[in-house]
Amino acid sequence: MSKKIIAAVAAALMCVSSVSCSNSKKTSESKASGNSAAETQKALSTDEDSVESSSEMSERETTVDEKVEETSERKSDNAETAAVTSGTETTPPAATEAPTVNQPTDNSGGYTSDLDIAQDFYNAYLGHDPEKIYSMFDPDEMKNYAKLVESELEGKSADEVFSKQAVTKAIGASMDSISEIMKAYSDSDSDKWSVTITSDDMEKADDKSLESFNGDLNTSYSAAVIVNYIFYSNESNGETFTGNSSAFLEKNGKWYLSYSSLMQSELLNYLDV
């Protein structure tokens, strides 16, 4: 990933990272004690130049490798026990059913509720649905973001770098990284995972930040909210970890997923830039 692009758009992007924007940090003990997707993803990654996920990293007494090894050993022991008991080979459980994802309120795009679009964003991650995520973006922000960073693409075409195919592939790769973390905290393939978003999880962007964002991107959003902390929760065994942050923008009464913010926090790691 080109660090020049991050530098070029740093002033335009809203703060969705509690790591880089400490003033946005929440102090709840339950938030601070959760396993961190950023920490786990960094341990699983082999690319030293990858940008960290935007979630707050929490210290854990055991490493992810130990957790994965422990989980693998437990699965192996369970499988051997089942085989001895039944005298037959074990078969993997069926995949968990994908969560229900709401639809926008009409065909013009956008959502009438910031809470609904935020919930659907994380449901789409659980259901591994990159197309759904792509449909949440505002085309105006996508177009203006490409113009803003075009000079830093080193001769590459913005239309090619940020094509729908490339962006949805990057979203899928981001989802894969979350899925790998889930596997480390699962007892079986049938474990049920969920994410619940409430209004308490959403922080309103201040007027100055929004004005700067609109000025740099040549947009006219009237409001913005940021989700710095969420929990992916394993309902089967009680395990949780802190997941990827997100930001949402309002225009003409409709809410959209912030394209440029997701680029900064996640997608630039997986694009050919």
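Observations concerning the pairing of strand 5 (residues 231–234)
At step 1: Two strands pair when backbone bridges link them, and strand 2 (residues 193–194) and strand 5 are joined in this way by two bridges, in the antiparallel orientation. Among the inter-strand pairings, Ser194 is bridged to a residue of strand 5, identified as Ser233.

A look at the packing of helix 5 (residues 114–126) against helix 9 (residues 164–184)
At step 1: Running from N to C, helix 5 and helix 9 point in directions that differ by 70°, and their axes come no closer than 9 Å. The orientation of helix 5 relative to helix 9 falls into the category roughly perpendicular. Across the interface between the two elements, Ala124, Tyr125 and Leu126 of helix 5 pack against Ser174, Met175, Ile178 and Met182 of helix 9.
At step 2: Residue composition of the contact of helix 5 with helix 9, by class: six nonpolar, one polar and no charged.

Thoughts on the nonpolar core
At step 1: By size, the foremost hydrophobic cluster in this structure holds 58 residues, and its most contacted members are Ile133, Phe137, Phe162, Tyr232 and Phe248.
At step 2: When near neighbours in sequence (up to four residues on either side) are disregarded, Phe162 contacts Tyr145, Ala146, Val149, Leu153, Val167, Tyr259, Met263 and Leu271.

Points about unusual backbone geometry
At step 1: The phi torsion at His128 lies on the positive side, around 50°, for a residue other than glycine.
At step 2: If you trace the backbone, His128 turns up in the loop between helix 5 and helix 6 (130–135).
At step 3: On the basis of relative accessibility, which here comes to 34%, the residue His128 falls in the partly exposed class.
At step 4: In this model, Glu154 sits at a positive phi of 55°, which is unusual for a non-glycine residue.
At step 5: Judged by its relative accessible area of 63%, Glu154 is exposed.

Here's the deal with the sheet that holds strand 4 (residues 223–227)
At step 1: Across the sheet, four strands lie side by side as 3-4-7-8; this open sheet has antiparallel pairing. Here the strands that pair on one side only, and so sit at the sheet edges, are strand 3 (202–204) and strand 8 (254–257). Looking at each pair of strands side by side, their axes are set apart by 30° on average, direction ignored.
At step 2: One ladder, built from five bridges, connects strand 4 with strand 7 (residues 246–251); its direction is antiparallel. Bridge pairing in strand 7 links Ile226 to Ala247.

Things to note about the pattern of salt bridges
At step 1: In the structure shown here, the tally under the stated rule is six salt bridges.
At step 2: The salt bridge involving Lys164 is made with Glu131; its shortest N-O contact spans 3.3 Å. Here Glu131 lies in helix 6 and Lys164 lies in helix 9, a separation of 33 residues in the sequence.
At step 3: Accessibility expressed as a relative area gives 44% for Glu131, which makes it partly exposed.
At step 4: With its nearest N and O atoms 3.3 Å apart, the salt bridge here joins Lys156 to Asp272. Separated by 116 residues along the polypeptide, Lys156 in the loop between helix 7 (139–149) and helix 8 (158–161) and Asp272 in the segment after helix 11 (259–265) bring together distant segments of the chain.
At step 5: On the basis of relative accessible area, Asp272 is assigned to the exposed category, the value being 60%.
At step 6: Overlapping salt bridges, with partners in common, bring together Asp138, Asp140 and Lys251 in one network.

A look at the pairing of strand 8
For a regular strand, side-chain orientation follows a simple rule: the groups alternate between the two sheet faces.
At step 1: What you see with strand 8 is no split at all: Lys254 and Tyr256 on one side and Trp255 and Leu257 on the other are buried throughout.
At step 2: Pairing geometry for strand 7 and strand 8, over four bridges, is antiparallel. When the bridges of strand 8 are listed, Leu249 appears paired with Tyr256.
At step 3: Linking strand 7 to strand 8, which pair antiparallel, is a turn of two residues; within it Asn252 sits at a positive phi near 55°.

A few points about the packing of helix 7 against helix 10 (residues 207–217)
At step 1: At a minimum axis separation of 9 Å, helix 7 and helix 10 run at an interaxial angle of 70°. As far as their axial angle goes, helix 10 and helix 7 are roughly perpendicular. Packed against helix 7, whose contacting residues are Glu141, Asn144, Tyr145 and Leu148, the element helix 10 presents Phe213, Asp216 and Leu217 at the interface.
At step 2: Split by residue class, the contact of helix 7 with helix 10 holds four nonpolar, one polar and two charged.

Rules used throughout
- Residues numbered from 1 in each chain as written.
- Predicted model: local features only at pLDDT ≥ 70, side-chain atom pairs only at ≥ 80, totals over all residues.
- Heavy atoms only, no water.
- Pairing = 2+ DSSP bridges.
- Helix = DSSP H or I, 4+ residues; strand = E, 2+ residues; numbered from the N terminus.
- Axes fitted to C-alpha atoms, helices over the stretch in contact; angles between N-to-C directions.
- Parallel < 35°, antiparallel > 145°, perpendicular 65-115°, else oblique.
- Contact = heavy atoms within 4.5 Å.
- Nonpolar A, V, L, I, M, F, W, Y, C, P; charged D, E, K, R; others polar.
- Core = buried A, V, L, I, M, F, W, Y, C linked by side-chain atoms within 4.5 Å.
- Buried < 20%, exposed > 50% of the residue type's maximum accessible area, 1.4 Å probe, protein only.
- Salt bridge = Lys/Arg side-chain N within 4 Å of Asp/Glu carboxyl O.

Purely geometric stuff here, so don't read any function into it on its own.
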